[in-house]
Amino acid sequence: MNRIVLLALLAAGAHAQVVKDFVPVTEEMLLHPSPDDWLMYSRTYDAQRFSPLKQIDRSNVSQLRMAWTRGLGPGTSETIPIVHNGVIYLVEPGAIIEALDATNGDLIWEYKRKVPAAAASTARTKALAIYQDVILYTAPDGYVVGLDARTGEQRWQTSTGEAQNTSGPIVVEGKVISGRACGKTRDTCFIAAQDALTGKDIWRFYNVPAPGERGSETWGKDFKDTNRASTWGLPGTYDPVRKTLYWGVANPMPDTRMERHGGDPDGTSRTSPADLYSNSTVALDPETGKLKWYYQHLPADDWDMDYTHERTLVREKFNPDPKYVKWFNPDIPRGEEHDVAVMVGEGGGVFEIDRGTGQFLWATPFPYDDPLFLISKIDGKTGKVTINYDLVNKKPGEEHIICSYNTRSFWPTAFDPDTNSLYVPYIDNCLDMVAAGTQPDQREQRKPVPRPGSDPNALTAIGKINLSTGEIQRFNVGRSPSDGAALATAGRLIFQGDLNRRFRAFDAETGKKLWESILGGSISVSTITYAVNGKQYVAVMTGNGLLDGNLLGETPELHPPRGINGIYAFALP
(Lines give C-alpha, C1' and ligand atoms only; values in the text may rest on other atoms or scores of the structure.)
Protein backbone atom coordinates (compact mmCIF):
# COMPACT_ATOMS: atom_id res chain seq x y z
CA MET A 1 0.00 0.00 0.00
CA ASN A 2 1.50 3.35 -0.99
CA ARG A 3 1.83 6.24 1.43
CA ILE A 4 -0.91 8.39 -0.17
CA VAL A 5 -3.52 5.66 0.13
CA LEU A 6 -2.42 4.93 3.72
CA LEU A 7 -2.82 8.59 4.69
CA ALA A 8 -6.22 8.68 3.02
CA LEU A 9 -7.40 5.71 5.06
CA LEU A 10 -6.13 7.22 8.27
CA ALA A 11 -7.97 10.46 7.51
CA ALA A 12 -11.18 8.55 6.90
CA GLY A 13 -11.10 6.78 10.27
CA ALA A 14 -9.47 4.03 12.23
CA HIS A 15 -11.77 1.29 10.91
CA ALA A 16 -11.63 2.46 7.29
CA GLN A 17 -11.65 0.13 4.34
CA VAL A 18 -11.93 0.89 0.64
CA VAL A 19 -15.08 0.64 -1.47
CA LYS A 20 -14.15 -2.13 -3.87
CA ASP A 21 -14.79 -2.06 -7.61
CA PHE A 22 -16.09 1.49 -7.42
CA VAL A 23 -17.78 2.72 -10.62
CA PRO A 24 -17.73 6.52 -11.09
CA VAL A 25 -21.13 8.18 -11.33
CA THR A 26 -21.42 9.99 -14.65
CA GLU A 27 -23.81 12.72 -15.70
CA GLU A 28 -25.65 10.14 -17.81
CA MET A 29 -26.12 7.94 -14.73
CA LEU A 30 -27.63 10.86 -12.82
CA LEU A 31 -29.99 11.54 -15.72
CA HIS A 32 -30.95 7.87 -16.12
CA PRO A 33 -30.09 6.07 -12.87
CA SER A 34 -30.04 2.32 -12.50
CA PRO A 35 -33.19 1.09 -10.73
CA ASP A 36 -30.81 -0.51 -8.22
CA ASP A 37 -29.32 2.83 -7.15
CA TRP A 38 -30.61 5.85 -5.21
CA LEU A 39 -28.25 8.61 -6.35
CA MET A 40 -29.94 11.75 -5.01
CA TYR A 41 -32.37 12.72 -2.28
CA SER A 42 -35.51 11.76 -4.21
CA ARG A 43 -33.77 9.29 -6.60
CA THR A 44 -34.26 11.34 -9.78
CA TYR A 45 -33.96 14.99 -10.79
CA ASP A 46 -37.76 15.33 -10.98
CA ALA A 47 -38.13 14.51 -7.23
CA GLN A 48 -40.89 12.00 -7.93
CA ARG A 49 -39.45 9.51 -5.38
CA PHE A 50 -40.71 6.70 -7.58
CA SER A 51 -38.64 3.52 -7.87
CA PRO A 52 -39.06 1.10 -10.80
CA LEU A 53 -38.11 -1.79 -8.51
CA LYS A 54 -41.00 -4.26 -8.13
CA GLN A 55 -39.60 -7.43 -6.58
CA ILE A 56 -41.50 -6.32 -3.47
CA ASP A 57 -45.13 -5.82 -4.48
CA ARG A 58 -48.67 -5.93 -3.18
CA SER A 59 -48.79 -9.71 -3.32
CA ASN A 60 -45.72 -10.37 -1.16
CA VAL A 61 -45.01 -7.23 0.89
CA SER A 62 -46.60 -8.93 3.92
CA GLN A 63 -43.56 -11.22 3.96
CA LEU A 64 -41.01 -8.39 4.41
CA ARG A 65 -38.47 -9.15 7.12
CA MET A 66 -35.65 -7.14 8.63
CA ALA A 67 -32.45 -7.87 6.71
CA TRP A 68 -30.16 -5.83 8.95
CA THR A 69 -30.07 -2.87 11.31
CA ARG A 70 -27.34 -0.54 12.54
CA GLY A 71 -27.37 1.87 15.46
CA LEU A 72 -26.24 5.47 14.89
CA GLY A 73 -24.89 8.10 17.25
CA PRO A 74 -26.89 10.74 19.16
CA GLY A 75 -28.09 14.01 17.68
CA THR A 76 -30.53 15.49 15.17
CA SER A 77 -31.55 13.24 12.28
CA GLU A 78 -33.12 14.89 9.20
CA THR A 79 -31.39 13.22 6.30
CA ILE A 80 -31.79 10.89 3.32
CA PRO A 81 -29.10 8.35 2.35
CA ILE A 82 -27.88 7.70 -1.18
CA VAL A 83 -26.96 4.30 -2.63
CA HIS A 84 -24.57 3.39 -5.43
CA ASN A 85 -23.45 -0.03 -6.54
CA GLY A 86 -24.26 -1.78 -3.26
CA VAL A 87 -22.91 0.94 -0.93
CA ILE A 88 -25.03 3.24 1.26
CA TYR A 89 -23.63 6.68 2.00
CA LEU A 90 -25.36 8.47 4.87
CA VAL A 91 -25.08 11.34 7.32
CA GLU A 92 -24.85 10.11 10.89
CA PRO A 93 -25.74 12.59 13.67
CA GLY A 94 -22.62 14.33 14.87
CA ALA A 95 -21.45 15.61 11.45
CA ILE A 96 -20.30 12.14 10.42
CA ILE A 97 -20.45 10.62 6.92
CA GLU A 98 -20.40 6.84 6.62
CA ALA A 99 -20.17 4.34 3.79
CA LEU A 100 -21.93 1.06 4.62
CA ASP A 101 -22.26 -2.28 2.88
CA ALA A 102 -25.88 -2.11 1.70
CA THR A 103 -26.41 -5.86 2.19
CA ASN A 104 -25.55 -5.99 5.91
CA GLY A 105 -24.84 -2.46 7.25
CA ASP A 106 -21.15 -3.13 7.90
CA LEU A 107 -18.99 -0.01 8.03
CA ILE A 108 -16.63 0.55 5.09
CA TRP A 109 -15.35 4.02 5.97
CA GLU A 110 -16.21 7.00 8.15
CA TYR A 111 -15.50 10.72 7.88
CA LYS A 112 -16.00 12.89 10.96
CA ARG A 113 -16.12 16.65 10.52
CA LYS A 114 -14.20 18.59 13.15
CA VAL A 115 -16.78 21.11 14.32
CA PRO A 116 -17.94 22.18 17.79
CA ALA A 117 -19.97 19.46 19.50
CA ALA A 118 -23.10 21.61 19.74
CA ALA A 119 -23.06 22.32 16.00
CA ALA A 120 -22.38 18.68 15.17
CA SER A 121 -25.23 17.33 17.29
CA THR A 122 -27.82 19.69 15.78
CA ALA A 123 -26.60 19.59 12.15
CA ARG A 124 -29.61 19.47 9.82
CA THR A 125 -28.30 18.69 6.34
CA LYS A 126 -31.08 16.95 4.41
CA ALA A 127 -29.11 14.89 1.91
CA LEU A 128 -25.85 13.90 0.25
CA ALA A 129 -24.95 13.91 -3.44
CA ILE A 130 -22.52 11.93 -5.59
CA TYR A 131 -20.68 12.74 -8.82
CA GLN A 132 -17.85 10.79 -10.45
CA ASP A 133 -15.96 9.48 -7.39
CA VAL A 134 -16.86 12.33 -5.01
CA ILE A 135 -19.42 12.38 -2.20
CA LEU A 136 -20.75 15.92 -1.68
CA TYR A 137 -21.63 17.04 1.84
CA THR A 138 -22.92 20.35 3.19
CA ALA A 139 -21.30 20.57 6.63
CA PRO A 140 -22.74 22.44 9.66
CA ASP A 141 -19.83 24.91 9.72
CA GLY A 142 -20.86 26.47 6.38
CA TYR A 143 -18.53 24.45 4.15
CA VAL A 144 -19.36 22.34 1.12
CA VAL A 145 -17.09 19.31 1.28
CA GLY A 146 -15.97 16.82 -1.37
CA LEU A 147 -15.00 13.34 -0.11
CA ASP A 148 -13.39 10.46 -1.95
CA ALA A 149 -16.23 7.95 -2.44
CA ARG A 150 -13.80 5.03 -2.15
CA THR A 151 -12.04 6.00 1.10
CA GLY A 152 -13.81 8.96 2.76
CA GLU A 153 -10.70 11.10 2.37
CA GLN A 154 -11.46 14.82 2.12
CA ARG A 155 -10.64 16.05 -1.40
CA TRP A 156 -11.66 19.67 -1.02
CA GLN A 157 -13.74 22.09 1.06
CA THR A 158 -15.21 25.47 0.16
CA SER A 159 -16.63 27.95 2.64
CA THR A 160 -20.00 29.47 1.81
CA GLY A 161 -20.14 31.78 4.78
CA GLU A 162 -21.38 31.96 8.33
CA ALA A 163 -24.74 30.21 8.04
CA GLN A 164 -25.44 26.47 8.02
CA ASN A 165 -25.87 24.64 4.72
CA THR A 166 -29.04 22.91 5.85
CA SER A 167 -30.68 21.77 2.61
CA GLY A 168 -28.10 19.33 1.33
CA PRO A 169 -26.73 19.33 -2.23
CA ILE A 170 -27.75 18.25 -5.70
CA VAL A 171 -25.33 17.85 -8.64
CA VAL A 172 -26.35 19.38 -11.96
CA GLU A 173 -24.10 19.59 -15.03
CA GLY A 174 -21.00 18.94 -12.94
CA LYS A 175 -21.86 21.56 -10.34
CA VAL A 176 -22.76 20.86 -6.72
CA ILE A 177 -25.63 23.19 -5.85
CA SER A 178 -26.93 23.76 -2.33
CA GLY A 179 -29.21 26.01 -0.31
CA ARG A 180 -28.65 27.27 3.19
CA ALA A 181 -30.02 29.01 6.22
CA CYS A 182 -29.30 32.74 6.57
CA GLY A 183 -27.01 34.76 8.77
CA LYS A 184 -27.97 38.25 9.89
CA THR A 185 -27.89 40.06 6.55
CA ARG A 186 -29.29 39.78 3.02
CA ASP A 187 -26.00 38.76 1.46
CA THR A 188 -25.80 35.59 3.60
CA CYS A 189 -28.96 34.17 1.98
CA PHE A 190 -28.24 32.43 -1.30
CA ILE A 191 -28.12 29.29 -3.42
CA ALA A 192 -24.53 28.44 -4.32
CA ALA A 193 -22.85 26.38 -7.03
CA GLN A 194 -19.32 24.95 -6.92
CA ASP A 195 -17.44 22.69 -9.27
CA ALA A 196 -18.23 19.21 -7.96
CA LEU A 197 -14.69 17.91 -8.51
CA THR A 198 -12.68 20.88 -7.26
CA GLY A 199 -14.95 22.98 -5.06
CA LYS A 200 -14.27 26.12 -7.10
CA ASP A 201 -17.02 28.73 -6.66
CA ILE A 202 -19.07 29.24 -9.83
CA TRP A 203 -22.15 31.31 -8.97
CA ARG A 204 -24.49 32.51 -6.27
CA PHE A 205 -28.17 33.41 -6.53
CA TYR A 206 -29.23 35.78 -3.77
CA ASN A 207 -32.73 35.02 -2.48
CA VAL A 208 -33.44 38.69 -1.80
CA PRO A 209 -32.55 41.22 -4.52
CA ALA A 210 -30.03 43.89 -3.56
CA PRO A 211 -31.21 47.50 -3.28
CA GLY A 212 -31.94 48.83 -6.74
CA GLU A 213 -32.20 45.40 -8.34
CA ARG A 214 -35.48 44.28 -9.87
CA GLY A 215 -37.69 42.91 -7.09
CA SER A 216 -36.11 44.92 -4.26
CA GLU A 217 -38.94 47.46 -4.55
CA THR A 218 -41.35 44.77 -3.29
CA TRP A 219 -39.83 45.16 0.20
CA GLY A 220 -41.38 48.62 0.59
CA LYS A 221 -39.97 52.13 0.83
CA ASP A 222 -36.96 51.66 3.06
CA PHE A 223 -34.91 48.62 2.06
CA LYS A 224 -33.04 47.16 5.01
CA ASP A 225 -29.91 45.02 5.06
CA THR A 226 -31.77 42.64 7.38
CA ASN A 227 -34.27 41.68 4.66
CA ARG A 228 -33.73 37.94 4.31
CA ALA A 229 -35.21 34.70 2.94
CA SER A 230 -33.45 31.35 3.21
CA THR A 231 -33.36 28.09 1.29
CA TRP A 232 -32.96 25.88 4.37
CA GLY A 233 -35.25 23.09 3.14
CA LEU A 234 -34.93 20.25 0.67
CA PRO A 235 -32.74 20.75 -2.43
CA GLY A 236 -34.03 21.81 -5.81
CA THR A 237 -35.12 19.85 -8.87
CA TYR A 238 -33.85 19.94 -12.45
CA ASP A 239 -35.34 19.79 -15.95
CA PRO A 240 -32.53 18.59 -18.29
CA VAL A 241 -34.53 19.40 -21.44
CA ARG A 242 -35.13 23.02 -20.49
CA LYS A 243 -31.79 23.27 -18.68
CA THR A 244 -33.62 24.77 -15.72
CA LEU A 245 -33.19 24.37 -11.98
CA TYR A 246 -36.21 24.84 -9.71
CA TRP A 247 -35.70 25.85 -6.09
CA GLY A 248 -38.05 26.82 -3.28
CA VAL A 249 -37.31 29.87 -1.13
CA ALA A 250 -38.65 30.02 2.43
CA ASN A 251 -40.39 32.78 4.42
CA PRO A 252 -39.25 36.41 4.58
CA MET A 253 -37.31 37.49 7.65
CA PRO A 254 -37.74 39.05 10.16
CA ASP A 255 -40.74 36.76 10.46
CA THR A 256 -43.62 39.26 10.75
CA ARG A 257 -44.82 42.13 8.57
CA MET A 258 -44.59 44.63 11.42
CA GLU A 259 -40.97 43.71 12.16
CA ARG A 260 -39.96 43.98 8.51
CA HIS A 261 -41.81 47.18 7.73
CA GLY A 262 -41.34 49.60 10.60
CA GLY A 263 -44.39 48.49 12.58
CA ASP A 264 -46.72 48.78 9.56
CA PRO A 265 -48.28 45.46 8.47
CA ASP A 266 -49.26 47.20 5.23
CA GLY A 267 -45.72 48.35 4.55
CA THR A 268 -45.77 46.00 1.57
CA SER A 269 -48.44 44.55 -0.70
CA ARG A 270 -51.10 42.08 0.41
CA THR A 271 -50.99 40.52 -3.08
CA SER A 272 -47.96 39.04 -4.82
CA PRO A 273 -45.34 40.18 -5.53
CA ALA A 274 -44.32 41.21 -2.02
CA ASP A 275 -40.99 40.73 -0.22
CA LEU A 276 -39.43 38.79 -3.12
CA TYR A 277 -38.26 36.08 -3.54
CA SER A 278 -39.64 34.79 -0.27
CA ASN A 279 -42.04 31.82 -0.46
CA SER A 280 -41.42 31.55 -4.18
CA THR A 281 -40.40 29.02 -6.78
CA VAL A 282 -37.36 30.40 -8.60
CA ALA A 283 -36.35 28.95 -11.97
CA LEU A 284 -32.59 29.32 -12.49
CA ASP A 285 -30.11 28.75 -15.29
CA PRO A 286 -27.77 26.11 -13.79
CA GLU A 287 -24.88 27.41 -15.90
CA THR A 288 -24.98 30.97 -14.53
CA GLY A 289 -27.43 31.02 -11.62
CA LYS A 290 -29.45 33.74 -13.39
CA LEU A 291 -33.17 33.94 -12.72
CA LYS A 292 -35.42 32.81 -15.59
CA TRP A 293 -38.75 33.33 -13.84
CA TYR A 294 -40.38 33.13 -10.44
CA TYR A 295 -43.78 32.38 -8.96
CA GLN A 296 -44.70 33.58 -5.46
CA HIS A 297 -46.96 31.23 -3.47
CA LEU A 298 -47.52 33.46 -0.41
CA PRO A 299 -46.86 37.23 -0.47
CA ALA A 300 -45.14 38.87 2.51
CA ASP A 301 -45.79 36.00 4.93
CA ASP A 302 -46.59 37.03 8.52
CA TRP A 303 -46.27 33.61 10.20
CA ASP A 304 -43.01 31.86 9.17
CA MET A 305 -44.80 29.50 6.75
CA ASP A 306 -42.08 28.07 4.53
CA TYR A 307 -42.82 27.38 0.86
CA THR A 308 -39.44 25.83 0.36
CA HIS A 309 -38.73 22.06 -0.15
CA GLU A 310 -39.02 20.11 -3.39
CA ARG A 311 -40.88 20.95 -6.59
CA THR A 312 -42.04 17.69 -8.21
CA LEU A 313 -41.78 17.68 -12.01
CA VAL A 314 -44.38 15.78 -14.04
CA ARG A 315 -46.27 16.03 -17.34
CA GLU A 316 -49.99 16.60 -16.82
CA LYS A 317 -53.24 17.13 -18.69
CA PHE A 318 -54.98 20.26 -17.43
CA ASN A 319 -58.33 19.15 -16.08
CA PRO A 320 -58.92 20.56 -12.58
CA ASP A 321 -62.34 19.63 -11.22
CA PRO A 322 -64.12 22.63 -9.61
CA LYS A 323 -65.47 20.21 -6.97
CA TYR A 324 -61.89 19.77 -5.70
CA VAL A 325 -59.90 22.77 -6.94
CA LYS A 326 -60.64 26.24 -5.62
CA TRP A 327 -58.52 28.33 -8.00
CA PHE A 328 -57.61 27.54 -11.63
CA ASN A 329 -56.65 29.35 -14.81
CA PRO A 330 -59.75 29.82 -17.02
CA ASP A 331 -57.62 30.55 -20.09
CA ILE A 332 -56.00 27.10 -20.26
CA PRO A 333 -57.84 24.67 -22.60
CA ARG A 334 -59.12 21.51 -20.94
CA GLY A 335 -57.01 18.47 -21.74
CA GLU A 336 -53.99 20.54 -22.79
CA GLU A 337 -50.73 18.91 -21.69
CA HIS A 338 -48.17 20.83 -19.68
CA ASP A 339 -44.82 20.07 -18.11
CA VAL A 340 -45.54 21.20 -14.59
CA ALA A 341 -43.89 21.85 -11.25
CA VAL A 342 -46.02 20.81 -8.28
CA MET A 343 -45.45 21.80 -4.68
CA VAL A 344 -47.18 21.58 -1.33
CA GLY A 345 -46.35 24.33 1.13
CA GLU A 346 -45.38 23.84 4.74
CA GLY A 347 -48.28 26.19 5.47
CA GLY A 348 -50.61 24.16 3.27
CA GLY A 349 -51.91 24.43 -0.27
CA VAL A 350 -51.17 22.54 -3.48
CA PHE A 351 -49.84 24.51 -6.45
CA GLU A 352 -49.37 23.42 -10.06
CA ILE A 353 -47.48 25.78 -12.36
CA ASP A 354 -46.10 25.45 -15.88
CA ARG A 355 -42.41 24.77 -15.49
CA GLY A 356 -41.47 26.34 -18.81
CA THR A 357 -42.94 29.76 -18.07
CA GLY A 358 -44.09 29.88 -14.44
CA GLN A 359 -47.69 30.34 -15.61
CA PHE A 360 -50.27 29.55 -12.94
CA LEU A 361 -52.37 26.45 -13.69
CA TRP A 362 -54.25 25.65 -10.49
CA ALA A 363 -54.05 25.64 -6.71
CA THR A 364 -56.26 24.57 -3.83
CA PRO A 365 -56.12 24.65 -0.02
CA PHE A 366 -54.56 21.61 1.60
CA PRO A 367 -55.18 19.61 3.69
CA TYR A 368 -58.60 21.32 4.00
CA ASP A 369 -60.36 24.46 2.83
CA ASP A 370 -61.07 26.50 5.95
CA PRO A 371 -61.95 30.17 6.65
CA LEU A 372 -58.69 30.33 8.59
CA PHE A 373 -56.60 29.25 5.59
CA LEU A 374 -53.64 31.59 5.13
CA ILE A 375 -54.50 32.49 1.51
CA SER A 376 -57.73 34.40 0.83
CA LYS A 377 -57.76 34.24 -2.98
CA ILE A 378 -55.75 33.57 -6.14
CA ASP A 379 -56.47 35.32 -9.44
CA GLY A 380 -56.81 32.43 -11.89
CA LYS A 381 -55.71 34.45 -14.94
CA THR A 382 -52.61 36.03 -13.42
CA GLY A 383 -51.83 33.59 -10.60
CA LYS A 384 -51.42 36.49 -8.17
CA VAL A 385 -51.93 35.32 -4.58
CA THR A 386 -53.53 37.40 -1.82
CA ILE A 387 -52.63 36.77 1.81
CA ASN A 388 -55.52 36.30 4.26
CA TYR A 389 -55.08 39.74 5.76
CA ASP A 390 -57.75 39.10 8.41
CA LEU A 391 -55.26 36.73 10.06
CA VAL A 392 -52.29 39.13 10.01
CA ASN A 393 -51.33 40.51 13.42
CA LYS A 394 -51.68 44.27 12.97
CA LYS A 395 -50.84 45.56 16.44
CA PRO A 396 -48.82 44.46 19.49
CA GLY A 397 -50.40 41.61 21.45
CA GLU A 398 -52.93 40.71 18.76
CA GLU A 399 -53.76 36.97 18.46
CA HIS A 400 -54.92 34.83 15.53
CA ILE A 401 -55.19 31.18 14.57
CA ILE A 402 -53.79 30.56 11.10
CA CYS A 403 -54.29 27.38 9.08
CA SER A 404 -52.35 25.43 8.17
CA TYR A 405 -49.05 24.99 10.03
CA ASN A 406 -46.28 22.45 9.47
CA THR A 407 -48.80 20.65 7.27
CA ARG A 408 -45.81 19.08 5.62
CA SER A 409 -42.25 20.22 6.06
CA PHE A 410 -38.95 18.60 5.18
CA TRP A 411 -40.51 15.12 4.78
CA PRO A 412 -40.61 14.57 0.98
CA THR A 413 -43.68 13.67 -1.02
CA ALA A 414 -43.85 10.92 -3.68
CA PHE A 415 -45.50 10.72 -7.11
CA ASP A 416 -46.79 7.47 -8.64
CA PRO A 417 -47.23 7.69 -12.44
CA ASP A 418 -49.50 4.65 -12.38
CA THR A 419 -52.10 6.45 -10.25
CA ASN A 420 -51.12 9.95 -11.44
CA SER A 421 -51.13 10.98 -7.80
CA LEU A 422 -48.90 12.82 -5.37
CA TYR A 423 -48.73 11.22 -1.90
CA VAL A 424 -48.38 13.79 0.89
CA PRO A 425 -48.09 12.87 4.59
CA TYR A 426 -49.72 15.70 6.55
CA ILE A 427 -50.92 16.91 9.92
CA ASP A 428 -54.18 18.89 10.17
CA ASN A 429 -52.53 21.60 12.25
CA CYS A 430 -52.90 25.34 12.68
CA LEU A 431 -50.82 28.05 14.35
CA ASP A 432 -52.00 29.99 17.39
CA MET A 433 -49.90 33.16 17.26
CA VAL A 434 -49.77 36.16 19.59
CA ALA A 435 -47.80 39.18 18.41
CA ALA A 436 -45.11 40.60 20.65
CA GLY A 437 -46.35 43.23 23.09
CA THR A 438 -45.03 46.68 23.87
CA GLN A 439 -43.03 45.55 26.90
CA PRO A 440 -39.69 43.68 26.69
CA ASP A 441 -41.10 40.65 28.50
CA GLN A 442 -44.09 40.38 26.12
CA ARG A 443 -42.44 38.23 23.49
CA GLU A 444 -44.15 36.73 20.48
CA GLN A 445 -45.90 33.44 21.26
CA ARG A 446 -46.42 30.59 18.80
CA LYS A 447 -47.89 27.15 19.33
CA PRO A 448 -49.43 24.47 17.12
CA VAL A 449 -53.10 23.66 17.66
CA PRO A 450 -55.57 21.33 15.93
CA ARG A 451 -57.70 23.01 13.29
CA PRO A 452 -60.80 24.37 15.06
CA GLY A 453 -63.72 21.99 14.62
CA SER A 454 -61.59 19.19 13.20
CA ASP A 455 -61.89 15.52 14.14
CA PRO A 456 -59.25 14.78 16.82
CA ASN A 457 -59.06 11.20 15.56
CA ALA A 458 -58.19 12.41 12.05
CA LEU A 459 -55.27 14.63 12.98
CA THR A 460 -52.90 12.98 10.50
CA ALA A 461 -53.12 11.08 7.22
CA ILE A 462 -51.58 10.62 3.81
CA GLY A 463 -53.25 12.68 1.10
CA LYS A 464 -53.43 11.09 -2.36
CA ILE A 465 -53.78 14.06 -4.73
CA ASN A 466 -54.74 13.44 -8.36
CA LEU A 467 -52.60 15.91 -10.28
CA SER A 468 -55.01 16.23 -13.18
CA THR A 469 -58.31 16.74 -11.36
CA GLY A 470 -57.09 17.85 -7.92
CA GLU A 471 -59.21 15.24 -6.14
CA ILE A 472 -57.83 14.38 -2.69
CA GLN A 473 -58.31 10.95 -1.12
CA ARG A 474 -57.04 10.20 2.38
CA PHE A 475 -55.71 7.06 3.99
CA ASN A 476 -53.72 6.06 7.09
CA VAL A 477 -55.96 8.45 9.00
CA GLY A 478 -55.17 8.68 12.70
CA ARG A 479 -53.27 10.59 15.36
CA SER A 480 -49.60 9.72 14.82
CA PRO A 481 -47.66 12.71 13.43
CA SER A 482 -44.94 12.07 10.91
CA ASP A 483 -41.76 13.42 9.42
CA GLY A 484 -41.16 10.27 7.38
CA ALA A 485 -40.76 10.57 3.62
CA ALA A 486 -43.23 8.95 1.25
CA LEU A 487 -41.84 6.39 -1.21
CA ALA A 488 -43.66 5.03 -4.28
CA THR A 489 -42.58 1.87 -6.12
CA ALA A 490 -43.51 -0.02 -9.27
CA GLY A 491 -44.69 -2.78 -6.93
CA ARG A 492 -47.76 -0.51 -6.56
CA LEU A 493 -46.76 0.31 -3.01
CA ILE A 494 -46.42 3.42 -0.87
CA PHE A 495 -44.01 3.20 2.09
CA GLN A 496 -44.12 5.71 4.93
CA GLY A 497 -43.43 5.87 8.67
CA ASP A 498 -44.42 8.03 11.65
CA LEU A 499 -43.08 9.40 14.92
CA ASN A 500 -44.78 6.59 16.82
CA ARG A 501 -42.28 4.10 15.29
CA ARG A 502 -44.75 2.52 12.83
CA PHE A 503 -43.29 1.83 9.39
CA ARG A 504 -45.92 0.76 6.87
CA ALA A 505 -46.61 -0.25 3.29
CA PHE A 506 -49.88 0.70 1.60
CA ASP A 507 -51.63 -0.23 -1.61
CA ALA A 508 -50.96 2.75 -3.91
CA GLU A 509 -54.42 2.51 -5.44
CA THR A 510 -56.65 1.95 -2.43
CA GLY A 511 -54.52 3.08 0.50
CA LYS A 512 -55.09 -0.22 2.29
CA LYS A 513 -52.39 -1.06 4.84
CA LEU A 514 -50.57 -4.19 3.67
CA TRP A 515 -47.62 -4.41 6.09
CA GLU A 516 -46.31 -2.85 9.30
CA SER A 517 -43.17 -3.03 11.40
CA ILE A 518 -42.59 -1.29 14.74
CA LEU A 519 -39.07 0.14 14.94
CA GLY A 520 -36.91 1.24 17.83
CA GLY A 521 -37.37 4.97 17.40
CA SER A 522 -39.29 7.67 15.54
CA ILE A 523 -38.99 7.41 11.78
CA SER A 524 -37.02 10.16 10.09
CA VAL A 525 -37.13 11.66 6.63
CA SER A 526 -35.14 8.89 5.07
CA THR A 527 -37.14 6.11 3.39
CA ILE A 528 -35.51 4.75 0.19
CA THR A 529 -35.33 1.51 -1.81
CA TYR A 530 -32.45 -0.09 -3.71
CA ALA A 531 -31.23 -3.47 -4.96
CA VAL A 532 -27.99 -5.44 -4.67
CA ASN A 533 -27.30 -8.65 -6.62
CA GLY A 534 -30.94 -8.85 -7.67
CA LYS A 535 -32.36 -8.44 -4.16
CA GLN A 536 -34.54 -5.42 -3.36
CA TYR A 537 -34.23 -3.67 0.00
CA VAL A 538 -36.30 -0.94 1.63
CA ALA A 539 -34.29 1.16 4.09
CA VAL A 540 -35.42 3.70 6.65
CA MET A 541 -33.69 5.74 9.35
CA THR A 542 -34.95 6.55 12.83
CA GLY A 543 -34.13 9.59 14.92
CA ASN A 544 -35.52 12.97 15.86
CA GLY A 545 -35.69 16.21 13.91
CA LEU A 546 -36.02 19.65 15.42
CA LEU A 547 -39.79 19.78 14.77
CA ASP A 548 -40.64 16.49 16.47
CA GLY A 549 -41.42 18.04 19.84
CA ASN A 550 -44.00 20.38 18.32
CA LEU A 551 -45.52 17.61 16.22
CA LEU A 552 -45.91 15.33 19.23
CA GLY A 553 -47.17 18.10 21.50
CA GLU A 554 -50.78 17.52 20.45
CA THR A 555 -50.66 13.78 21.02
CA PRO A 556 -49.70 13.36 24.69
CA GLU A 557 -50.94 9.78 24.66
CA LEU A 558 -47.99 8.83 22.42
CA HIS A 559 -44.69 8.21 24.17
CA PRO A 560 -42.08 7.31 21.54
CA PRO A 561 -38.52 7.16 22.87
CA ARG A 562 -36.36 10.13 21.97
CA GLY A 563 -32.94 10.00 20.35
CA ILE A 564 -33.03 6.40 19.09
CA ASN A 565 -30.99 6.85 15.93
CA GLY A 566 -30.54 3.91 13.58
CA ILE A 567 -30.97 2.56 10.08
CA TYR A 568 -33.12 -0.47 9.25
CA ALA A 569 -33.19 -2.44 5.99
CA PHE A 570 -35.98 -4.83 5.02
CA ALA A 571 -36.15 -7.48 2.28
CA LEU A 572 -38.12 -10.56 1.31
CA PRO A 573 -36.96 -13.87 2.84
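Definitions and cut-offs
- Residues numbered from 1 in each chain as written.
- Predicted model: local features only at pLDDT ≥ 70, side-chain atom pairs only at ≥ 80, totals over all residues.
- Heavy atoms only, no water.
- 1 Å grid on protein atoms, 1.4 Å probe; cavity = no way out; pocket = protein on both sides within 12 Å on 5 of 7 lines; lining within 4 Å.
- Points joined across faces, edges and corners; volume = space filled by probe spheres on them.
- Nonpolar A, V, L, I, M, F, W, Y, C, P; charged D, E, K, R; others polar.
- Phe/Tyr/Trp six-rings, centres within 6.5 Å; stacked < 30°, edge-to-face > 60°.
- Helix = DSSP H or I, 4+ residues; strand = E, 2+ residues; numbered from the N terminus.
- Buried < 20%, exposed > 50% of the residue type's maximum accessible area, 1.4 Å probe, protein only.
- Lys NZ or Arg CZ within 6 Å of the ring centre and 35° of its normal.

Student: Requested: an account of empty space enclosed by the protein, with residues and values cited.
Tutor: One pass over the full model with this rule turns up 3 cavities of 30 Å³ or more. When its volume is computed, the largest cavity comes out at roughly 70 Å³. In terms of lining residues, the largest cavity is bounded by T76, S77, E78, T79, V91, E92, P93, G94, A95, A123 and T125. Looking at the lining of the largest cavity residue by residue, the classes come out as 4 nonpolar, 5 polar and 2 charged.

Student: Can you tell me about the packing of aromatic side chains, naming the residues and giving the values?
Tutor: The tally for this structure, following the rule as stated, stands at 20 aromatic pairs. Ring geometry for Y295 and F360: centres 6.2 Å apart, planes at 15°, overall stacked. Taken as a pair, Y295 in strand β20 (residues 291-296) and F360 in strand β25 (residues 360-364) lie far apart in primary sequence, 65 residues in all. On the accessibility criterion, F360 (2% relative accessible area) is buried. Ring centres of Y423 and F475 lie 6.2 Å apart, and the angle between their planes is 65°; this geometry places the pair in the edge-to-face category. Residue Y423 is found in strand β30 (residues 421-427), and its partner F475 is found in strand β34 (residues 472-478); the two are separated by 52 residues along the sequence. We note that Y423, like F475, is buried. Feature note: the residues Y295, Y307, F351 and F360 constitute an aromatic cluster, connected by ring pairs. Its end group placed over the ring of F410, K126 keeps NZ or CZ at 5.5 Å from the ring centre.

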